[in-house]
Every structure is written in C-alpha cells, then in structure tokens.
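# Commentary on secondary and tertiary structure
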Amino acid sequence: MSRRPLLELSGVEKVYRSGDSELRALDGIDLTIAAGEYVAIIGQSGSGKSTLMNILGCLDRPSAGRYRVAGHDIAAMDADAVAALRRDTFGFVFQRYNLLADASAVENVEVPAIYAGLSRDDREDRALALLDRLGIGDRGGHRPGQLSGGQQQRVSIARALMNDAAVILADEPTGALDSRSGQDVLALLEALHGEGRTIILITHDAEVAARADRIIHIHDGRIVADEVRRAAVAEAEAPTPPPPVRGGSLGGLASVAEAAKMALRSLRTNPFRTALTLLGVVIGVAAVVAMLAIGDGSKRDVMDRMASLGTNLMVIRPGAPGVRPSGDNASLTFADAEALRAVPNVTAVVPERSLSATIRFGGVDYRTSVQATWPAFADARDWPMADGLFFSREDLAAYAPVVVLGQTVARTLFPDGRSPVGEYVLIRNVPFEVVGVLAAKGASAFGRDEDDIALVPLSTGRTRLFGGDYVNGITVRVADTALNPQTQAAMTELLTARHGSEDFRIRDTASLLETAERTQNTLTVMLGSVALISLLVGGIGVMNIMLVSVTERTREIGVRMATGARMTDILLQFNTEAIVVCGIGGLLGIAFGLAAAWTASVFGVSVVYSPWPPLLAFSCAFVTGLVFGYLPARKAARLDPVVALASE
C-alpha cells in the first residue's frame, strides 16, 4: 500500500553568499518523508544535515527548489502562515535544549501553547501532564539551571509535544547527554514514534541512527544513500498535520496579558538594569507632575492677587500714553473725578492722592503710604473692614481728621494687639483719630504689601497734608465688564475734551488679568515642556536598553519563533516590555512628583493638585514606551529564526 507523503523536497538548494564567494549547503536535494516514519539523517559536521533540518522544520527557506508540507507549498505562504504551520505541525528537540533560563519547566513547556491561543489553565494542565508522563512531574517548578541535562532534554521533548505536533525534529538530541540519559531520550523518541508520530533524527552517530527505521546519509549537501530498514507505522495511526492557517495566535486582551506577564518576568531577570531604565522615566514623569503643580499654584496666586484688586475696575493715571511720568503730574483733578460719575456703566469713582509719611503713636514711628481718597474706596476695591468703620461722606464734607489703618500699620503701631479704633495718631504732626482697620489683603500680584497703607478723606489730606487740586489717579468701578471697551472710550472722550489733549492713561484691570493669565499659562507650558524633555531623554534610555535586551535575548527570540511565534507576537512582546517599563516608571514618577510638590508646599510654595498633570505625564510615559519600544521590537521581530537560534 502506498503511503501518504508528508514532507516533499524537490531539487532543494541552499546557497550562502558573501561577496563573490558562495557556499552550497544543500545541492539538489530530492526527498520524500511519509507520515509515521522514523528517519535518521546522518552526516559529518558541515555535511548540510542541520541546514536540511532547518528547511524541513520551516525555520529556513530554500534558495531554489520546492518544499511541500502535507501538499502545501511553503514558497506560496507568507511569514505568518509559515509560523502557524511550524507551531501546529513541528516539535523541535535541540541539542542545547534551548530552554528559557528565567522560566520554570512548566512555563517552558507552555510556550508553544501560548502562541496557539490555549487558555492559561488548559496549557498549565497539559504541561504538567506531559512532564509527569516524561517522569519529571515533580520538577515542574524548577528552572533549567536547577535541572540535569537529561531532565532539561525531557522538558524540551515535552515542549515539542505541547501542541500535539505530528512531526518531531530532533537535532543531535543526545549530543550533550551522558550515555544513560541519551538512551532514555532515544527510548522516548521511539515511544512517540510508536504512537504514530513522524520522527526525524539528525545525528552524526551511527549507533544513534541505527535506532531509526530509515537512514539517510548526506555528504557535501547531497543525499548519498537512503536505506529503509523497517516499514513505517500504518498510515491510519499517523497524526495528520493541520492545514496552514493565517491570522493571530492569541487574541485581544489575552495576547496583551501574556505579553505583559512575559515582560514582567524579563524585567525581573536583571533588576539593577531595570531600575536604571525606570529611573529616567521616573525623573521625567515626576518633573512633569511637580513642575505643573507648582506652576499652577503660582498661577493661582498671581490670579488671586490680581483679582483682589477687582476685575471690574478701570484705573486712570496722569501722563500721556507711552510717556513715563516723572514727579507730580497735575493732569488729573478732583473735578475730573466728579465729571466721570456721569459716564454710563460707572457705579463708583475713587480719586486718590498718596504720599509717603511717618505715622507716630506713643513712642513708635512708622513710615508708610498715606492715601487720601473718597469713601467709595472700600466698596470699589471690595475691601472689608476688620475693625471699626470706613470714613463717611460726612467726614469728607466736614474735612474730618480721621484715618483708616491697614493691618501692617496697625500691628506696627499697636503691637500689644489692642484695638486702635478711637486712638489718635500723628501724621506729619497732625493728630488723626483712628476710625477703622482694614481686613488683611496680603501681597499684591507685584509683591507689594497691600496692608502697608493708611487712608484719610481726600478733603482732609488736601488741606492738612499736601495741598493742591490734583490727584495721583482715579479708580472707576463699572457695572458690566462686557461694556468695558465702550466705557473706556466714553471716559477717554470726556477727559480729552476737558483737558484739550490725551494727557492720561486708562488701564482695564480685566484685560490686565487676562494678560497675566496668558503669561502664567505660557510659563506653565514652558515648565511642562522642560519636564517633557527630560521624559524624552528617559524614553531614549528605554530604547537603548531594549536594543541591548534584544541583542542579549536573540536565542530566546529564535526559540519563540521555532515554537510558533509570529512576527507580530514578537513585536507585541518587546513593545509591551517597553510599555510596562514606562508604565511602572510613570506610576512611580507620579508618586514622586506628588511627593515633591507636597514637600514644596511645606516650605511655603503654592501648589495646586489637579488630575490632569498626572494623567498627562502617565499618558506621555505610555506613548514614550510605545514609540521608543517600537524600533527594538521591530528589530527583534525581523530576526531570522535560524540566525537567532545559532546566536550565543
């Protein structure tokens, strides 16, 4: 009865070229292997037997000729389809075992099933069952370094059986074992053959080859002898390899979860290097979080102080626009203030005249800013009283010698904490009765102490302190800030008509606030940009470390490809490692950044905590891992399986 051909090679050649030189590893190989055969391919080193095995196992492609697996032409299949065929059809047993050093025996056996999409519980159960069948079930939790050579080879055989492969390719499986362990491995291969599997044994040892039913001799890349010693198992008993498939190994969240698990295991392998890699990301994210928190706090402080001046105010100062005033400028008068009260949208007008003077109480002298104004001052500035009352319009009309003190002046003149109201102080040797104390304002947006002030009625100041009819400025309160442009235009027209020229300047505090806010936003963006640059540097460090990792783990990549990993699986794994590094670094960076911001607040720095800076920083860290991890991952995914497996 004719047997069904499983593997068919027709005129297969493999040529390696380097410049003008050429090496023919295989030269016109014609070979058919039926399902269920036990074949030994024997030859000396350099004869081409390992190259032939690589082509048979779909680890490599021929330079010329055709290769069919169960009737499917390999040349017509793309890389993913070949990987799927390799995953579901072939099981590899290597001379050097090629186990993952940082994974347990069970985890090593599970690798092919990961790429086949088997669930975690199912593959763990199957891996334990295979190890138990091979006599090392009690060693499932041990890593390769804790196993003997024979035990490691049994793990390798269990891995080859994980996806119930129809074909077992054993490359010098006894080469690194003692004689007893070698005999045990050969007995296992015979048992697998007895179950109907196709066994292809690559060896240079004639005694080992003699265990096979068919011996193929290869020399200088050519088959020189093909000896059939015993008939193969019945065709009905031999497993049929599945047809090649296209598409994913794992799907969706499962693939990401597995990639993350492998990434964490890889990071634990070299904790010191992982810590150094994390450090760059941690510093970058912490800088983003801390700088933006401090920047937002500074912005809030400035905005609050600006807003404390009133956002519905317009301030008129003497002097032509664009000309810096010097000395006393008499272009604004009391009469101008009276006239401005008639402008639509104006609710209060506060003329102001100030001078620096010494105030005395008892034996304490204190120099401060004495400001003469109208009773509407407190309402226009939204400045409440802490004690007593503000002077009234009656006081203004009666030229009353009364004064309202700011908190700084009150604390300096009355350090014992008693109320100054009702007491008399001397201003330029003129006695003034203290009628009230203003509530604390703190520092202005420009750093000036707002509470370092004393207020007197404008009429009293004019007659008793400085004389003259002019004022240093006029503050106007408006009802609707939306009408500020029209109100400003009306005031400009009125004062220009009164003065005959525009010898004054009008500033809108609402526009000043907007300008200050834009300035603060710009500064915050600058701080964030500097911090993001440090995160970028951390990303470059991640890419560098990942490139080193790819170089160090080239053999591991080859093993994964041999067990069915597609290019996208390798790409996902290494990209996920970079993302995991940056993700962990991002979380640590957020924690350190918030701690740094809190520490700054303890030392009096204003800080605003918001969810957006941490979210921004973590998102940037995630994107950093994605972007900077892609190049190393792409390099890993594009490795040739044969070259990767041969790497030291």
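Position numbers for residues start from 1 in each chain and track the written sequence from start to end. pLDDT decides what is reported in this predicted model: residues at 70 or higher carry local features, side-chain atom pairs at 80 or more are listed and counted, and totals for whole chains, interfaces and linings draw on all residues regardless. Only heavy atoms go into the side-chain values, all of them from the structure, while hydrogens and water stay out.

Although it is not a glycine, Tyr399 sits at a positive phi angle of roughly 55°. Only DSSP runs of H or I reaching four residues or more are called helices, and only runs of E reaching two or more are called strands; each is numbered from the N terminus. Of note, Tyr399 is situated in the loop between helix H12 (393-397) and strand E15 (402-405). Residues other than glycine seldom take positive phi values, yet Asn429 does so here, at roughly 65°. Secondary-structure assignment places Asn429 in the loop between strand E16 (424-427) and strand E17 (430-438). Relative accessible area serves as the criterion here: at 63%, Asn429 is assigned to the exposed category. When a residue's accessible area, from a 1.4 Å probe over protein chains only, is under 20% of the maximum for its type it is buried; when over 50% it is exposed; and in between it is partly exposed.

Read across the open sheet, the 6 strands follow the order E6-E7-E8-E3-E9-E10; overall the sheet is mixed. This sheet does not close on itself; its edge strands, each paired only once, are strand E6 (90-93) and strand E10 (222-228). Pairs of neighbouring strands in the sheet enclose a mean axial angle of 15°, with direction left out of account. Summarising the sheet, strand E3 (residues 38-42) and strand E8 (residues 198-203) pair through 5 bridges and their orientation is parallel. Bridge pairing in E8 links Val39 to Ile200. Contact between two residues is taken to exist if any of their heavy atoms lie within 4.5 Å; hydrogens are not considered. For every element, the axis is a line fit to its C-alpha atoms; helices are fit only across the contacting stretch, and the angle between N-to-C directions ranges from 0 to 180 degrees. With respect to the sheet, helix H1 (residues 49-56) is in contact with E3, E6, strand E7 (167-171), E8 and strand E9 (214-219), its orientation differing from that of E8 by roughly 155°. Its contacts with the sheet put helix H6 (residues 179-194) on E3, E7 and E8, and the angle it makes with E8 is roughly 150°. Any two strands are treated as partners once DSSP identifies two or more bridges connecting them.

Running from N to C, helix H3 (residues 105-116) and helix H4 (residues 120-133) cross one another at 125°; their axes reach a closest spacing of 9 Å. Relative to H4, H3 is oriented oblique. Crossing of H3 against H4: the hand is right-handed. Here Ala105, Val106, Val109, Glu110, Ala113 and Ile114 of H3 lie close against H4, whose contacting residues are Arg123, Glu124, Ala127, Leu128, Leu130 and Leu131. Just so you know the grouping, Ala, Val, Leu, Ile, Met, Phe, Trp, Tyr, Cys and Pro go in nonpolar, Asp, Glu, Lys and Arg go in charged, and all remaining residues, Gly too, go in polar. Classifying every residue of the contact of H3 with H4 gives 9 nonpolar, no polar and 3 charged. Should an angle lie under 35 degrees it is considered roughly parallel, over 145 roughly antiparallel, and from 65 to 115 roughly perpendicular; all remaining angles are considered oblique. Helix crossings get a hand from a simple test, with the near helix turned counterclockwise from the far one by less than a right angle marking a left-handed crossing and a clockwise turn marking a right-handed one.

Values of pLDDT, the confidence the predictor places in each residue, fall between 0 and 100. Mean pLDDT over the protein chain: 83, with 89% of residues reaching 70 or higher. For the stretch residues 234-238, pLDDT sits under 50, and the model shows 10 contacts to residues farther than four places along the chain or on other chains. Taken together, the stretch residues 242-253 has pLDDT below 50 and engages in 30 contacts with residues farther than four places along the chain or on a different chain.

Turning our eyes to something else, we now look at the pairing of strand E20 (residues 504-508). Side chains of E20 alternate between two faces, with Phe504, Ile506 and Asp508 buried and Arg505 and Arg507 left unburied. In this sheet, E20 lies alongside strand E11 (residues 313-318) in antiparallel orientation, the contact comprising 5 bridges. Across the sheet, the residue bridging to Pro318 is Phe504, located in E20.

All right, on to the packing of aromatic side chains then. The criterion for an aromatic pair is that two Phe, Tyr or Trp rings (for Trp, the six-membered ring) have centres within 6.5 Å, with stacked assigned to planes under 30 degrees apart, edge-to-face to planes over 60 apart and tilted to the rest. Applying the stated criterion across every chain yields a total of 5 aromatic pairs. Ring geometry for Phe92 against Phe94: centres 5.7 Å apart, planes inclined by 5°, an arrangement best described as stacked. According to the relative accessible area criterion, Phe92 is buried, its value standing at 4%. Every member of this aromatic cluster is reached through a ring pair, and the members are Phe377, Trp383, Phe390 and Phe391. Its guanidinium or amino end placed over the ring of Tyr470, Arg353 lies 3.8 Å from that ring's centre, counting from NZ or CZ. The lysine or arginine in question, Lys441, covers the ring of Trp383, its NZ or CZ lying 5.3 Å from the ring centre. In this scheme, the term charge over a ring applies when either NZ of a lysine or CZ of an arginine sits within 6 Å of the ring centre and within 35 degrees of the ring normal.

Right, let's get into the packing of H4 against helix H5 (residues 149-161). For the pair H4 and H5, the least separation of the axes is 9 Å and the interaxial angle reads 130°. Classified by the angle between their axes, H4 and H5 sit oblique to one another. The crossing of H4 and H5 is right-handed. In contact with Arg126, Leu130, Leu131 and Arg133 of H4, H5 contributes Val155, Ala158 and Leu161.

Attention now goes to the nonpolar core. One finds Ile316, Leu340, Val370, Val403, Val425, Ile427 and Ile474 to be the most contacted residues of the largest nonpolar core, which totals 41 residues. A total of 6 residues in this core trace back to one element, the largest contributor, which is strand E12 (residues 346-361). If near-sequence neighbours (up to four positions away) are discounted, Ile316 is found in contact with Leu332, Leu340, Gly473, Ile474, Val476, Met491, Leu495, Phe504, Arg505 and Ile506. Counting 38 residues, the second largest nonpolar core, distinct from the first, contains Val69, Phe94, Ile218 and Val559. The nonpolar core is taken to be a set of buried Ala, Val, Leu, Ile, Met, Phe, Trp, Tyr and Cys residues, with the residues joined through side-chain atoms within 4.5 Å.

Another point: the sheet that holds strand E2 (residues 21-34). Pairing is antiparallel across the open sheet formed by 4 strands, whose spatial order is E2-E1-E4-E5. Each edge of the open sheet is held by one strand with a lone partner, namely E2 and strand E5 (72-73). Those strands touched by H1 are strand E1 (5-18), E2 and strand E4 (64-69), and its axis lies near 125° from that of E1.

Attention now goes to the pattern of salt bridges. What makes a salt bridge here is a side-chain nitrogen of Lys or Arg within 4 Å of a carboxyl oxygen of Asp or Glu, nothing more. Applying the stated criterion across every chain, the model contains 28 salt bridges. With its nearest N and O atoms 2.8 Å apart, the salt bridge here joins Arg222 to Asp27. Of this pair, Arg222 sits in strand E10 while Asp27 sits in strand E2, and the two are 195 residues apart along the sequence. Classification of Arg222 by relative accessible area gives partly exposed; the value is 47%. Arg133 serves as the salt-bridge partner of Glu195, at 2.1 Å between the closest nitrogen and oxygen. Remark: Arg133 occurs in helix H4 and Glu195 occurs in the loop between H6 and E8; sequence separation between them is 62 residues. Its relative accessible area of 36% is what places Glu195 among the partly exposed residues. Arg133 gets classed as partly exposed once you look at its relative accessible area, which sits at 42%. Within the structure, one salt-bridge network assembled from shared partners comprises Glu13, Arg17, Glu22, Arg24, Asp27 and Arg222.

Turning next to the environment of Leu572. Take Leu572: it is sitting in helix H18 (residues 567-602). Judged by relative accessible area, which is 27%, Leu572 ranks as partly exposed. Distance in space between the C-alpha atoms of Leu572 and Ala260 is 9.4 Å, their sequence separation being 312 residues.

Taking every second residue as pointing to the same face, both faces of E15 are buried, with Val402 and Val404 on one and Val403 and Leu405 on the other. Taken together, the 4 bridges between E15 and E17 define a ladder with parallel strand orientation. Across the sheet, Val403 pairs through a bridge with Val434, a residue of E17. Here E15 pairs with strand E18 (residues 453-457) via 2 bridges, running antiparallel. Of the residues in E18, the one forming a bridge with Leu405 is Ala454.

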